[in-house]
Amino acid sequence: MKEKTPSPTTETPALDRRSLLIGSALGAATSVGAMTTADAATKSHASHPQHAHGTSQSHTHQRQGAFLNDDDYATIIAFTERLMPGASGKPGAKDANVANYIDLALSGAYTDQQYFYRQGLEALEKHCQAQYKKSFMFLTVAQQDAVLAAMDENKAAGFTWPTAKAFFEKLRLHTIEGLFSDPVYGGNKDFAGWKLVGFPGAQPFFTEEDMKSGKPFTREPIIGMQQSQARTRKG
Amino acid sequence: MAKIKTEVVIVGAGAAGAILAAELCKVGMKVVALERGPKLKTIDFNPHDELRFFQRQDTRPDPKKSVVTWRFNTNMKSQPLNSMSYGNQVGGGTVHYGALSWRNHEDDFRVRSATVERYGETFLPEGSDVTDWPISYADLEPFYDKAEYDLGVSGRAGNINGQKIAGGNVFEAPRKREYPMPPLRTDVASDTFDKATKNLGLHPFISPRAILSEPYKDRPGCTYCGFCQTFGCHVGAKSSTLVNKIPEAEETKNFTVITGAMCHRVNTDSAGKATGVSFYGPDGSDNQVEADLVILAPFVYDNVRLLMLSKTSLHQNGLSNSSGLLGKGLMTHIRPSVFVAFDDKKMNIYMGPNAQRHSIDDYNADNFNHKDLGFIRGGQISIGTAGQQGGPMGAAINMVPPPGIPRYGAAYRDWYAKYFASHMSIGLQIEDLPYRNQTIDLDPDVRDAWGLPAPRITYDWRRPNELKSVAFLTKKIEEIGKAMNAKYVWMGDRAQPGAPGGHHTGGTRMGTRPDNSVVNKYCQSWDISNLFVVGSSTFPTMSGYNSTLTIEAQAYFVADAIIKRYRQAPGPLV
């Protein structure tokens, strides 16, 4: 496999892997147009000097999983963000910590899918190197979207098992799971996914008035499992 | 290896098994029930967890362990199904089901006769094996009544002793009295469906469900939390046999339920009588229960598979298979759907019990004239969610966006953010006819986690009758969608050819004679009189309705026959 190299358009040379990872995790890609993800990452961690040395995990992007390596983790962050991009007032995959959900699931409930991910990620890298001579995370947003479209249509070269379509569908499915599952599973950070769609979480009841309103349900708080379990413990 | 002796052994402690256990225990019979899954408690359902209970299917069998395979036809190699929709715990499917509780129509019990009387013999679809049930609606009515009152069903009658009642289902078979509880609340979605279907001249009504609309028999009423279908109820308001019949059986002290018990054989003696069953324990041990009476009550798959696995030199084609019909006539509902989404109001369909909340019955059974349509039977139409239950994960997975909206990216995000809380799904479940080459048998190539041959389904719903029925009924749900003044009305993608859906029926058909069926009308094996096989596998035809209440009524009916007749004089009841 070819060595991944930072984009030649990047102003800052020699981005180290960890800082790219963290920068990319900070949600900067959402603000870019033709800018590369790597550019965005650079700018992002420049504006967050506490992460410049890449020595600590971001508080806003806790990582709990134990399966994906740093490259693969960064790839998953970038890929899932294109599936469900964030924007101002609209939390996306990165805001919801979807990659963390996936890494945590692959370390636990989905250990049987580790090989599927390994093979899929390797094929994705092969495809991006053949097509663009860069890793997925260093592509422009437009290029990344072209990769997604080719995979969705099962036309992306480089894939055998899983097929490009199968890997795409798995990532889409796991992005949905990470966006909308309870935060105890590592995604849906601060209820990002639920806020996006106006879902109030695990409410213990709804009133007749709630059910007849025809309006957005806004009663606070959004309820997750941790609160609901805490309430039960108190009796 | 443990050896247990008892009077009655029941395989499967679900809808049918739990009712039979409680009824038999109450008259003093000693019952041991074997359940493959665990025994959960109401507190286990307190964390409302869409990932665990909906997506990861915690209350259902693990398809990697309890493997079931499927193929279109005998020329194809089978492939494993990747999800299961039946239950895997004490209480069975009644723990996680949507709790729809229908009484079959009168003509659902006599499909062949009703069709011939109205349209003539030539109208019967070629190749189908439609027949009458050996029992009528009138036979089962007292037991439907018992099920509704004993278990707890909420609804509004539409026909009491022939008197039609507006607001109830005017197409329902006559009942003797009102439901034990008033119907559940309606919501914006059901009200919208109600109005649109009325405008089309149809007859909407709130669906009867085994969910308490008010406190009943020491259980609380529904809180409308919305974590209902695919979830266990966190307050015990869903009338699962886990919270009504199992405690009742336990109170008698005549009942033992063994969990983690995978039954793999019905044992028979040299005279051909059943002597009990063998089961694998969770530790892999092979154990036996010796019993005078064996009742099989697992899901359709295992009713068929167990009888096939238990073959002996006396029963070379499997137990209770002298007719050669074991495993034949499998049916499942065909379920296309139409989605609608609104700009001007929120449906908030995640509130309240999710499934089939409001219905029309105008296009079900023989409730409409088929004379010029070229097909028989129909389907049940109702309003609900896109994802079986109401959460945003289920809807995102199951709801393809309307044409023109991509499935990912910023445009999808914006569309889903705007319409998740204002979508609903018009669901259709179409009656599938029985065909002899629509079957369950033992897969010669695939084994499950216990080393047993997987049940193999050979199934393709695309028969001439079903294709016409799907086309006609799908147009009807599109018309209903269009009558709602929604922003988007579009087809879901579920009427694709493919694997069998939910609500399996058939495989151990009941009938009037040993040569036309596997069991008699009491679900008693024609060949082995101390072996009963209950549940929807005995249904000769399936109806457009969900089958649980009919399974439950049947269980009371069978219990009644065992208590009043069989117990006094064990032997053939017919």
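Residues numbered from 1 in each chain as written. Chains lettered and ligands numbered in written order. Predicted model: local features only at pLDDT ≥ 70, side-chain atom pairs only at ≥ 80, totals over all residues. Heavy atoms only, no water.

### Thoughts on the overall build of chain B
Inference 1: A tally of regular secondary structure across chain B gives eleven helices and 19 strands.
Inference 2: Relative to its length of 574 residues, chain B is compact, with a C-alpha radius of gyration of 23 Å against a globular reference of 25 Å.
Inference 3: Viewed in the frame of its principal axes, chain B has a C-alpha envelope of about 70 × 55 × 50 Å.
Inference 4: Burial statistics for chain B: of 574 residues in total, 67% are counted as buried. (Helix = DSSP H or I, 4+ residues; strand = E, 2+ residues; numbered from the N terminus. Rg over C-alpha atoms; globule rule 2.2 N^0.38 Å. Buried < 20%, exposed > 50% of the residue type's maximum accessible area, 1.4 Å probe, protein only.)

### Observations regarding the overall build of chain A
Inference 1: If you tally the helices and strands in chain A, you get ten helices and zero strands.
Inference 2: Going from the N terminus to the C terminus, chain A shows its helices and strands as α-α-α-α-α-α-α-α-α-α.
Inference 3: Counting across all 235 residues of chain A, residues that qualify as buried make up 55%.
Inference 4: Summing over all exposed atoms, chain A offers an accessible surface of approximately 10400 Å²; the carbon and sulfur share of this is 54%. (Areas by Shrake-Rupley, 256 points an atom, 1.4 Å probe, with all protein chains shown as cover.)

### Digging into the packing of aromatic side chains
Residue and element names in this part refer to chain B.
Inference 1: Considering all chains together, one arrives at 47 aromatic pairs over all chains under this definition.
Inference 2: Ring plane angle 80 degrees and centroid distance 5.1 Å describe the contact between Phe 227 and Phe 231, whose orientation is recorded as edge-to-face.
Inference 3: Residue class for Phe 231 comes out buried when judged on its relative accessible area of 2%.
Inference 4: The ring of Tyr 488 is capped by Lys 487, whose NZ or CZ atom sits 5.8 Å from the centre of that ring. (Phe/Tyr/Trp six-rings, centres within 6.5 Å; stacked < 30°, edge-to-face > 60°. Lys NZ or Arg CZ within 6 Å of the ring centre and 35° of its normal.)

### Quick word on the interface of chain A and chain B
Note: interface size is frequently given as the accessible area lost on complex formation between the parts.
Inference 1: Taken together, the contacts link 52 residues of chain A with 42 residues of chain B.
Inference 2: In total, about 3900 Å² of surface goes out of reach between chain A and chain B, with carbon and sulfur atoms giving 60% of it.
Inference 3: Ranking the residues of chain A by area buried against chain B places Arg172(A), Phe206(A) and Met211(A) at the top, with a combined share of 18%.
Inference 4: If you look at where chain A meets chain B, you find five salt bridges.
Inference 5: With its nearest N and O atoms 2.8 Å apart, the salt bridge here joins Glu169(A) to Arg407(B).
Inference 6: Applying the counting criterion to the chain A and chain B interface returns 19 residue pairs in polar contact (both at pLDDT 80 or more).
Inference 7: Every element with two or more residues in the side of chain A that touches chain B is listed here: helix 3 (70-83), helix 4 (98-107), helix 6 (141-152), helix 7 (164-180), helix 8 (192-197), helix 9 (208-212) and helix 10 (225-234) of chain A. (Contact = heavy atoms within 4.5 Å. Buried area = accessible area lost by both parts, 1.4 Å probe. Salt bridge = Lys/Arg side-chain N within 4 Å of Asp/Glu carboxyl O. Polar contact = N/O pair within 3.5 Å; in protein donor to acceptor, adjacent residues only side chain to side chain.)

### Quick notes on the nonpolar core
Inference 1: Core analysis: the largest hydrophobic core is formed by 211 residues, its most contacted members being Met151(A), Leu34(B), Ile295(B), Tyr416(B), Ile426(B), Met484(B) and Ile562(B).
Inference 2: Top element by residues in this core is helix 11 (residues 548-566) of chain B. It accounts for twelve residues.
Inference 3: Summarising the domain contributions, this core has at least three residues from each of domain 1 (17-53 + 61-199) and domain 2 (200-235) of chain A.
Inference 4: Not counting residues within four places of it along the chain, the set of residues in contact with Met151(A) comprises Phe79(A), Leu124(A), Ala156(A), Phe159(A), Ala164(A), Lys165(A), Phe167(A) and Phe168(A).
Inference 5: Membership of the second largest hydrophobic core comes to eight residues, among which are Val111(B), Tyr119(B), Leu433(B) and Tyr435(B). (Core = buried A, V, L, I, M, F, W, Y, C linked by side-chain atoms within 4.5 Å. Domains from an automatic or database assignment.)

### Observations regarding empty space enclosed by the protein
Residue and element names in this part refer to chain B.
Inference 1: Tallying each qualifying case throughout the model produces eleven cavities of 30 Å³ or more.
Inference 2: For the lining of the largest cavity, the residue count by class is ten nonpolar, four polar and one charged.
Inference 3: Roughly 90 Å³ of internal volume is contained in the second largest cavity.
Inference 4: Lining the second largest cavity are 13 residues, and of these Trp 102, Asn 169, Glu 172, Tyr 179 and Pro 208 lie nearest its centre.
Inference 5: The class makeup of the residues in the lining of the second largest cavity is six nonpolar, three polar and four charged. (1 Å grid on protein atoms, 1.4 Å probe; cavity = no way out; pocket = protein on both sides within 12 Å on 5 of 7 lines; lining within 4 Å. Points joined across faces, edges and corners; volume = space filled by probe spheres on them. Nonpolar A, V, L, I, M, F, W, Y, C, P; charged D, E, K, R; others polar.)

### Observations concerning the sheet that holds strand 3 (residues 69-71) of chain B
The pairing of strands in a sheet comes from backbone hydrogen bonds and takes either a parallel or an antiparallel form.
Inference 1: The strand order across the open sheet formed by four strands is 4-3-17-16 (chain B), and the pairing between neighbours is mixed. Of all the strands in the sheet, the pair left with one neighbour each is strand 4 (79-80) and strand 16 (439-447) of chain B. (Pairing = 2+ DSSP bridges.)

### A few points about the sheet that holds strand 13 (residues 358-360) of chain B
Residue and element names in this part refer to chain B.
Inference 1: One open sheet accounts for six strands, arranged 7-13-14-15-12-18; its pairing is antiparallel. The open sheet terminates on both sides in strands that have one partner only, identified here as strand 7 (205-206) and strand 18 (488-491).
Inference 2: Strand direction decides the pairing type here: strand 13 and strand 14 (residues 379-384), joined by three bridges, are antiparallel. Within the sheet, the bridge partner assigned to Ile 360 lies in strand 14 and is Ile 381.
Inference 3: The strands touched by helix 5 (residues 188-199) are strand 13, strand 14 and strand 15 (423-430); relative to strand 13, the strand with the most contacts, the crossing angle is about 20 degrees. (Axes fitted to C-alpha atoms, helices over the stretch in contact; angles between N-to-C directions.)

### Some remarks on the packing of helix 3 of chain A against helix 4 of chain A
Residues and elements named next belong to chain A.
Inference 1: With their axes 9 Å apart at the nearest point, helix 3 and helix 4 run at an angle of 130 degrees to one another. Relative to helix 4, the element helix 3 lies oblique. Crossing handedness for the pair helix 3 and helix 4: right-handed. Residues Tyr 73, Ile 76, Ile 77 and Thr 80 of helix 3 form the contact with helix 4, whose participating residues are Val 98, Ala 99, Asn 100, Ile 102 and Asp 103.
Inference 2: Taken together, the residues that form the contact of helix 3 with helix 4 break down as six nonpolar, two polar and one charged. (Parallel < 35°, antiparallel > 145°, perpendicular 65-115°, else oblique. Left-handed = near helix turned anticlockwise from the far one by under 90°.)

### A closer look at the packing of helix 3 of chain A against helix 7 of chain A
In a pair of packed helices, the angle between the axes and the distance between the axes together describe the arrangement.
Residue and element names in this part refer to chain A.
Inference 1: Here helix 3 crosses helix 7 at 80 degrees, and the two axes come no closer than 10 Å. Accordingly, the angle class assigned to the pair helix 3 and helix 7 is roughly perpendicular. From helix 3, Ile 76, Phe 79, Thr 80 and Leu 83 reach across to helix 7, where they touch Phe 168, Leu 171, Arg 172 and Thr 175.
Inference 2: Residues of the contact of helix 3 with helix 7, tallied by class, amount to five nonpolar, two polar and one charged.

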